[in-house]
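Below, each chain spelled out in residue letters.
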Amino acid sequence: MGELFTHAMVFASAFDPALTTGDGSADDPFIDGSDPFGGSSDPLMQSGPGQAFSAIFTIIVIIIVIGIGLAIYRAVKLAQQGKNPLTLDNDIRAAALDTLQAQKVGSGAASADDASGATASADAPTPLPTPPPTLTLEERLREVDGLRARGIITESEHAAARAAILAS
């Protein structure tokens, strides 16, 4: 049995020189009858950087396979809902634009009822609503008083602004 193993290892070393020292001498670890699958002399077991590379490569392949599986799952679910997964982004943008245009038409009809009688054009952007004032009554009165003190507004403008603030 030992002689058969020796001949098999010599034959295998012709294809992979790492299996033996190549001289067939007695110091060859496979010629002395040791187990080729045990210990550190096992040529099939990688160690060191090769083993780390194999582990990283395996993890990358697993991540890619999971990503492809999730993409297929998402595409199937969207197709079941009657949506094309390849054009979904464009469909969402088109729906958003349709909503904006519907809002613009609604605000255009309201502006047609203005006292001025002017209608908003379809191409003109709709003005943003002005936010409610965040200043308190006292702060607004101080601001108007400061404008008058610096000479930015006249006394009559100051009185009118104070009256408007107090009326609101």
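Conventions we followed
Residues numbered from 1 in each chain as written. Predicted model: local features only at pLDDT ≥ 70, side-chain atom pairs only at ≥ 80, totals over all residues. Heavy atoms only, no water. Patch = residues over 30% accessible without salt bridge, like charges linked within 9 Å, V, L, I, M, F, W, Y side chains within 5 Å. Areas by Shrake-Rupley, 256 points an atom, 1.4 Å probe, with all protein chains shown as cover. Salt bridge = Lys/Arg side-chain N within 4 Å of Asp/Glu carboxyl O. Helix = DSSP H or I, 4+ residues; strand = E, 2+ residues; numbered from the N terminus. Buried < 20%, exposed > 50% of the residue type's maximum accessible area, 1.4 Å probe, protein only.

Asks: What is the right way to read a nonpolar patch on the surface from this model?
Replies: Among the surface-exposed residues, Ile 56, Ile 60, Ile 64, Ile 68, Ile 72 and Val 76 lie close enough to one another that they form a single nonpolar patch of about 550 Å² accessible area. Mapped onto the elements of the fold, Ile 72 is located in helix H2 (residues 49-80). Taking the relative accessible area as the measure of exposure, Ile 72 reaches 51% and is therefore exposed.

Asks: Is there a simple way to think about the pattern of salt bridges in this case?
Replies: Pairing of side chains with opposite charge becomes possible as their charged atoms draw close. Going through the model one piece at a time under the given rule, you end up with two salt bridges. Across the pair Arg 162 and Asp 145 runs a salt bridge, and its minimum N-O distance is 3.1 Å. Linking Arg 162 in helix H5 (residues 155-167) with Asp 145 in helix H4 (residues 137-149), this pair joins segments that are 17 residues apart in sequence. Given a relative accessible area of 26%, Arg 162 falls into the partly exposed group. Take Asp 145: its relative accessible area is 31%, and that puts it in the partly exposed class. Among the salt bridges present, the one from Glu 155 reaches Arg 148, with a minimum N-O distance of 3.1 Å. Judged by its relative accessible area of 46%, Glu 155 falls in the partly exposed class.

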